[in-house]
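Listed here are the chains, written in short residue letters.
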Amino acid sequence: MAALLQVLVPDIGDFDDVDVIEVLVAPGDRVAVEQSLVTLESEKATMEIPSPYAGVVKELLVAVGDKVREGSPLAMITVEEAAAAGKLAVPAAKAARAAEATPAPAAKARAAPAAEPAAKAPAPPRREPAAQRGAAERGAGPQEGSPLLGTRRAHASPSVRRLARELGVDLSLVRGSGPKSRILKDDVQGFVRDALARGGPPAPPAGLVLPPAPHVDFTKWGEVEVRQLNKVRRISARNLHRAWISIPHVTQFDEADITDLEAFRRSKADEAKSHGTKLTLLAFLIKAATVVLELFPPFNSSLEPNGEAIVVKKYFHNGIAVDTENGLVVPVIRDADRKGLLDIAAELAALSQKARDRKLGPEDMAGGTFTISSLGGIGGTAFTPIVNAPEVAILGVSKAEMRPVWRGEANEFVPRLMLPLSLAYDHRVIDGADAVRFTTRLKTVLGDIRNLIL
Ligand code: CAO
């Protein structure tokens, strides 16, 4: 006997109003367990929602453009033989409740009992008209919204990427016919068909293609423990990896003499306290970096996806890397050029607390134009930070140390508090000479903070 089961949006994190950007099945389609039903896109990620059941799609409860959240109904699926055989113990009458109780994230769906007849069924035919293929501009896929996601990329769902990988197709060569020029399965298949019709294999990938990482059984050599990465770490790993392989990074090192700055900061500690805040070194760094960014606009820009122009931002929103138990997050201090040091310090304290309480919303992390990553409270002499794309530069700060500095005019060494700076930048946008000019100016501002008011 068939059972009618409802599929709900599983736990997708703290996102409400996530867009449905693709519906991958249609009523009447036969689906297998784990077969993707829809693609959702939040500000941070694109994810496909798999079917927890094998059966036939009776009804779709969403369409492209709808907004959903955890628990929103997606589809009704008629489960056939598996239920009749008692392998899927969810009768139709209990469907809604059972679906509510079944968060069905990808991992759980994978663990669901395989419903064999449907699992063997052929993949459903695509419904997008092939005639649309090629209508969109090549490579015109929009950037994703997150500040960590913005490097140029073909716009395609994970299953389309998987298919492209399997077929050896470079997605940047494929025209997308879906909404917002999204590349669909049909587009990839059409690309291969066209290449074969031209009498040759698909064009070799244009860029670097990494071989898949081998699966290694570490238990062969000793005891191990598998720790799942949480969502923040998974997302930042993906974005850092993308930035690392797509941006030609160079890191410029320098040191700023912050002896006087530190003396001033300490002398203002009580005053800051009376304002209910702590005047931190980082607040000075944000202000100083902003003053220098105003002088060097390309450092406050993003490279256009076609690589032919930069978008210079006239606003100064500083991302601050904050280390939390959950992973690295980058909340943004907006309009640092228009704020005083005490305001910046107070906002910084509030944002890093919010980060550690895991209460940052997507808006708190969006729109950064330059990032500062300070490890100076912990230690280290220098490091090479990864540019937070689509930004083009990031300032790493290590631990300030009191050191003897040679003063030629006095013919002596003097003890000075020296702050190591590591400026990583996108060499497609910034030349080495400008990077040195930037750090040199930053040293000047930090060395004499009267420059902050110039
Ligand atoms: N050199 C020497 N001492 C420093 C320093 C530096 N560069 N920066 C901060 N300190 C000292 C401060 O003076 C302070 O000591 P006092 O209490 O005596 O004043 C102490 O370290 C703590 O500093 P703070 O409260 O001002 O915090 P912070 O500015 O160092 O850092 C924050 C704030 C949110 C940036 C930090 O907590 C953090 O998360 N850092 C890690 C960022 C990170 O992981 N980046 C890596 C990204 S790449 O993986």
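Below or above, wherever it landed, is the structure these notes cover. (Residues numbered from 1 in each chain as written. Predicted model: local features only at pLDDT ≥ 70, side-chain atom pairs only at ≥ 80, totals over all residues. Heavy atoms only, no water.)

With that settled, the discussion passes to unusual backbone geometry. Here the amide bond leading from alanine 389 into proline 390 is cis, since omega sits at 10 degrees, within 30 degrees of zero. Structurally, proline 390 can be placed in the loop between β16 (370-374) and β17 (393-397). In this structure, glutamate 34 takes a positive phi of about 85 degrees despite not being glycine. Considering the arrangement of structural elements, one finds glutamate 34 in the loop between β3 (30-31) and β4 (36-41). We classify glutamate 34 as partly exposed; its relative accessible area is 37%. (Helix = DSSP H or I, 4+ residues; strand = E, 2+ residues; numbered from the N terminus. Buried < 20%, exposed > 50% of the residue type's maximum accessible area, 1.4 Å probe, protein only.)

Residues Ile286, Phe370, Ile372, Leu423, Phe438 and Leu446 are the most contacted members of the largest nonpolar core, which totals 51 residues. For this core, the secondary-structure elements that each account for two or more residues are α10 (281-295), α11 (341-356), β16, β17, β19 (412-426) and α12 (432-447). For this core, the leading source of residues is α10, giving 10 residues. Excluding anything up to four places from it in sequence, isoleucine 286 contacts Asn318, Ile320, Ile333, Ala336, Ile344, Leu348 and Ile372. Core analysis: the second largest hydrophobic core is formed by 24 residues, Val7, Val25, Leu37 and Val62 among them. (Core = buried A, V, L, I, M, F, W, Y, C linked by side-chain atoms within 4.5 Å. Contact = heavy atoms within 4.5 Å.)

Strand order in the open sheet formed by four strands is β1-β8-β6-β3, with antiparallel pairing between adjacent strands. Sheet topology places β1 (3-8) and β3 at the edges, where each strand pairs with a single neighbour. Bridge count for strand β6 (residues 55-60) against strand β8 (residues 73-79) is four bridges, and the pairing is antiparallel. Counterpart to valine 57 in the pairing with β8 is isoleucine 77. (Pairing = 2+ DSSP bridges.)

Evaluation of the coordinates by the stated rule reveals 17 salt bridges. Here aspartate 17 and arginine 69 are joined by a salt bridge, their closest N and O atoms 3.5 Å apart. On the criterion of sequence distance, the pair formed by aspartate 17 in the loop between β1 and β2 (18-23) and arginine 69 in the loop between β7 (67-68) and β8 is long-range, its members being 52 residues apart. Residue class for aspartate 17 comes out partly exposed when judged on its relative accessible area of 47%. For arginine 69, a relative accessible area of 39% gives the class partly exposed. Of the charged contacts, one joins aspartate 19 and lysine 67 as a salt bridge, the two residues approaching to 2.5 Å between their closest N and O atoms. Within this pair, whereas aspartate 19 is found in strand β2, its partner lysine 67 is found in strand β7, the two being separated by 48 residues in sequence. Look at the salt bridges and you will find they share partners, linking Asp257, Asp260, Arg407 and Arg416 into a network. (Salt bridge = Lys/Arg side-chain N within 4 Å of Asp/Glu carboxyl O.)

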